[in-house]
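Read off the chains here:
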Amino acid sequence: MEMRILSCTVNGKPVQVGYDVRECLLDTLHDRLGLTSVKRGCEVGECGACTVLIDGVATDTCLYLTAWAEGKTIETVEGLQAPDGTLDVVQQAFVDEFAVQCGFCIPGLIMSAEEMVRSGKTFTRDEIRKCLSGHLCRCTGYQNIVNAVEKATNLVNGMVGEEASGTEEVA
Amino acid sequence: MYDIVYYHEAESVQDAVRALTEHPEARVIAGGTDVLVQIREGRFGPCELVSIHELRDELWGVTLDEDETICIGPITWFHAVNTDPICQERIPVLCDACDTPGGPQLRVSGTVGGNLCNGITSADTASTFFAFGAELVLEGPNGRRVVPIEKWYAGPGKTVREQNEVLVQIRIPKSHYEGFTGEYIKYGKRRALEIATMGCCCLVKLADDHETIEDVRFAYGVAGPNPCRSEAAENIARGKTVAEAAPLVGEAALEDLHPRDSWRASKDFREQLIKEMTKRALVEAAAKGGSTASWK
């Protein structure tokens, strides 16, 4: 099958890459661009291990043809760390809460959590479970993953009303 | 890597129709959450695809016609229908149904049009579209035609859509939704990433006393080879109060519906589900219209 050239933005950088028209975005990101955080799991849209952000939306790349990514903005875990190596708030929360065991499902989960953090909302634990329900983890039992996502969303979007008013009083 | 031997990214609906006509073996792909999974299974062998994924200008979004018909673009994601203000205000039960397929990532790839075009009885939005009596607009080489959803299905996984026709709009006229409240119940063994063992949508219009059933529709997925209604259940409920009708509708529905044994569930279990879900869907739909009846 013919080769074509994809132009898109990956982790903030403009990218041009040749691809086979039969490829899904998972193939292109993992095999051609070397972004190995994008995991090949079930390949039928059930496990969520290949989740990345496409124009800010957490999407399974195993069911997304590379052709559709033309002109889109794609983000993977590789793009989250600051240039000096500082972890992103979601990554740090996963470390702090011991949310990682074998780690295979984690990059996908982090990208879904990233979408949640950027929504500007806070979430109940039930809502977090629902937002993460497109991911399968066979190690952790999810408890610490939910803890980590709760921590990250609360840290970034949580109400700081009490603290804020307390600070005002002191001032 | 998928076993694709021809791929065309359509630039317009007419371009897609032309490509489909030139390639009589080609399939339409929109969200890809069914077609790509089936290619992966090797179901089609080497596959020809015409993609309508990028036709957002023509096929995406929800609008309201002058006569207040709700017009849904077929490549609109489940999630986008779920969060659409027009749907939330006028047909919230469809939003609920759109919140049930797969998981969050699937709902931002899978499309409501694909959910109808796959012809599958367990499709989560199909029973709700069926209850609303949706009208499906197809565009082919000879122009457009409108198919009422009652005439859409043609056996398991089959519809009357010709190979070179594209679904271009899903229409729900005002008279089909005005005054109705609804409930969709999906029964599955888990709450996400599940295919319905049984799906039931009830739409009910109550009289001014908020208890008497003026009109009602029951539609089901997985109760037969295609989504379907139960007229027996509707007839027995009409004119009664919700509390009177609730104990009767389940048995009545079984006069019309003949589910089968499958590896997912036995016939007996599905009949039990139909009885129970018909009752609960009626009561829950009526509760949104102000009824105080209980199914317990």
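This one's a predicted model, so the numbers in the text were calculated from it and none came from an experiment.

So, on to the overall build of chain A. Tallying secondary structure elements over chain A gives six helices and five strands in all. Reading chain A from its N end, one meets helices and strands in the order β-β-α-β-β-β-α-α-α-α-α. Seen through its principal axes, chain A has C-alpha atoms that stretch 70 × 35 × 25 Å. Taking all 171 residues of chain A together, the buried fraction comes to 47%.

When its secondary structure is counted, chain B shows twelve helices and twelve strands. The globule rule puts the C-alpha radius of gyration for 296 residues at 19 Å, and the 19 Å found for chain B is close to it. Counting only C-alpha atoms, chain B reaches 60 × 45 × 30 Å along its principal axes. Taking the intrachain contacts of chain B between residues at least 6 apart in sequence as the baseline, contacts between residues at least 24 apart amount to 60%. Carbon and sulfur atoms make up 48% of the accessible area of chain B, which amounts to about 12,400 Å² in all. Separation of charge centres in chain B, based on 32 positive and 45 negative side chains, amounts to 6 Å.

Moving on, we come to the environment of leucine 49 of chain B. Residue and element names in this part refer to chain B. Position of leucine 49 relative to the elements: it lies in strand β3 (residues 47-51). Residue classification places leucine 49 among the buried residues on the basis of a relative accessible area of 0%. Distance in space between the C-alpha atoms of leucine 49 and isoleucine 91 is 33 Å, their sequence separation being 42 residues.

Residues and elements named next belong to chain B. An order of β4-β5-β8-β6-β7 is seen for the five strands of this open sheet, with the pairing classed as antiparallel. Across the chains shown, the open sheet's two edge strands, defined by having one partner strand only, are β4 (62-64) and β7 (143-148). Recorded for the sheet is a direction-independent mean angle of 25° between the axes of neighbouring strands. Bridge count for β4 against strand β5 (residues 70-72) is three bridges, and the pairing is antiparallel. Of the residues in β5, the one forming a bridge with valine 62 is isoleucine 72.

Quick look at the interface of chain B and chain A now. Taken together, the contact pairs 29 residues of chain B with 32 residues of chain A. When residues of chain B are sorted by the area they lose upon contact with chain A, Met1, Tyr7 and Gln105 of chain B head the list and together hold 29% of the total. Counting the contacts that link chain B with chain A gives three salt bridges. Our enumeration of links across chain B and chain A arrives at 13 residue pairs in polar contact (both at pLDDT 80 or more). Among the secondary structure elements, those contributing two or more residues to the side of chain B that touches chain A are β1 (4-9) and α2 (35-40) of chain B. Among the elements that make up the side of chain B that touches chain A, the one with the highest residue count is β1 of chain B (five residues).

Right, let's talk about the domain arrangement of chain A for a bit. Residue and element names in this part refer to chain A. The domain boundaries assigned to chain A delineate domain 1 (3-79) and domain 2 (89-170). Taken over C-alpha atoms, the centre of domain 1 sits 24 Å from the centre of domain 2. The interface of domain 1 with domain 2 comprises 17 residues on the first partner and 13 residues on the second. The contact between domain 1 and domain 2 buries some 1,200 Å² in all, and 63% of this surface belongs to carbon and sulfur atoms. When residues of domain 1 are sorted by the area they lose upon contact with domain 2, Lys39, Leu53 and Val77 head the list and together hold 36% of the total.

What follows is about the confidence of the model for chain A. Put simply, chain A has an average pLDDT of 94, and 92% of its residues get 70 or more. pLDDT under 50 marks residues 164-171 of chain A. Its contacts with residues more than four places away, or in other chains, come to zero contacts.

It is worth spelling out the UniProt feature "domain: FAD-binding PCMH-type" (unreviewed entry) in chain B at this point. Summarizing the sequence annotation, UniProt attributes the feature "domain: FAD-binding PCMH-type" (unreviewed entry) to residues 1-177 of chain B in the numbering used throughout. What you have in residues 1-177 of chain B is 31% helix and 22% strand, and the ends, taken at the C-alpha atoms, are 44 Å apart.

What follows concerns the side chain of threonine 153 of chain A. All names here are of chain A. Position of threonine 153 relative to the elements: it lies in helix α5 (residues 143-157). Of note is the side chain of threonine 153, whose polar atom sits 2.8 Å from the backbone oxygen of valine 149. Leaving out residues up to four positions away in the same chain, threonine 153 has contacts with Met116, Val117, Lys121, Thr122, Phe123 and Gly158.

The subject of this paragraph is the packing of aromatic side chains. Residue and element names in this part refer to chain B. Within this structure, the stated rule accounts for four aromatic pairs over all chains. Aromatic side chains tyrosine 187 and phenylalanine 269 sit 5.5 Å apart centroid to centroid with 80° between the ring planes, which places their arrangement in the edge-to-face category. Here the residue tyrosine 187 occupies a position in strand β9 (residues 181-187), and phenylalanine 269 occupies one in helix α12 (residues 267-288), the gap between them amounting to 82 residues. Over the aromatic face of tryptophan 60 sits the side chain of arginine 56, whose NZ or CZ is 3.8 Å from the ring centroid. Residue placement shows lysine 296 over the ring face of tryptophan 295; its charged tip is 5.4 Å from the ring centre.

A separate point is the domain arrangement of chain B. Residues and elements named next belong to chain B. Domain annotation of chain B identifies domain 1 (4-51), domain 2 (58-175) and domain 3 (179-287). Once you take the C-alpha centre of each, domain 1 and domain 2 turn out to be 19 Å apart. Facing 17 residues of domain 1, the contacting portion of domain 2 comprises 18 residues. Of the roughly 1,200 Å² buried at the junction of domain 1 and domain 2 (both faces included), carbon and sulfur atoms supply 59%. Looking at the side of domain 1 facing domain 2, the largest losses of area belong to Val13, Val17 and Thr33, adding up to 39% of the total buried there. Our count for the domain 1 to domain 2 interface comes out at zero salt bridges. At the boundary of domain 1 and domain 2, one finds eight residue pairs in polar contact (both at pLDDT 80 or more). If one sorts the elements of the side of domain 1 that touches domain 2 by residue count, helix α1 (residues 13-22) sits on top with six residues.

The rules we used
- Residues numbered from 1 in each chain as written.
- Chains lettered and ligands numbered in written order.
- Predicted model: local features only at pLDDT ≥ 70, side-chain atom pairs only at ≥ 80, totals over all residues.
- Heavy atoms only, no water.
- Helix = DSSP H or I, 4+ residues; strand = E, 2+ residues; numbered from the N terminus.
- Buried < 20%, exposed > 50% of the residue type's maximum accessible area, 1.4 Å probe, protein only.
- Rg over C-alpha atoms; globule rule 2.2 N^0.38 Å.
- Contact = heavy atoms within 4.5 Å.
- Areas by Shrake-Rupley, 256 points an atom, 1.4 Å probe, with all protein chains shown as cover.
- Lys, Arg positive; Asp, Glu negative; His and termini not counted.
- Charge placed at Lys NZ, Arg CZ, Asp CG, Glu CD.
- Pairing = 2+ DSSP bridges.
- Axes fitted to C-alpha atoms, helices over the stretch in contact; angles between N-to-C directions.
- Buried area = accessible area lost by both parts, 1.4 Å probe.
- Salt bridge = Lys/Arg side-chain N within 4 Å of Asp/Glu carboxyl O.
- Polar contact = N/O pair within 3.5 Å; in protein donor to acceptor, adjacent residues only side chain to side chain.
- Domains from an automatic or database assignment.
- pLDDT = per-residue confidence, 0-100.
- UniProt positions renumbered as here; feature names shortened; annotations may be inferred.
- Phe/Tyr/Trp six-rings, centres within 6.5 Å; stacked < 30°, edge-to-face > 60°.
- Lys NZ or Arg CZ within 6 Å of the ring centre and 35° of its normal.

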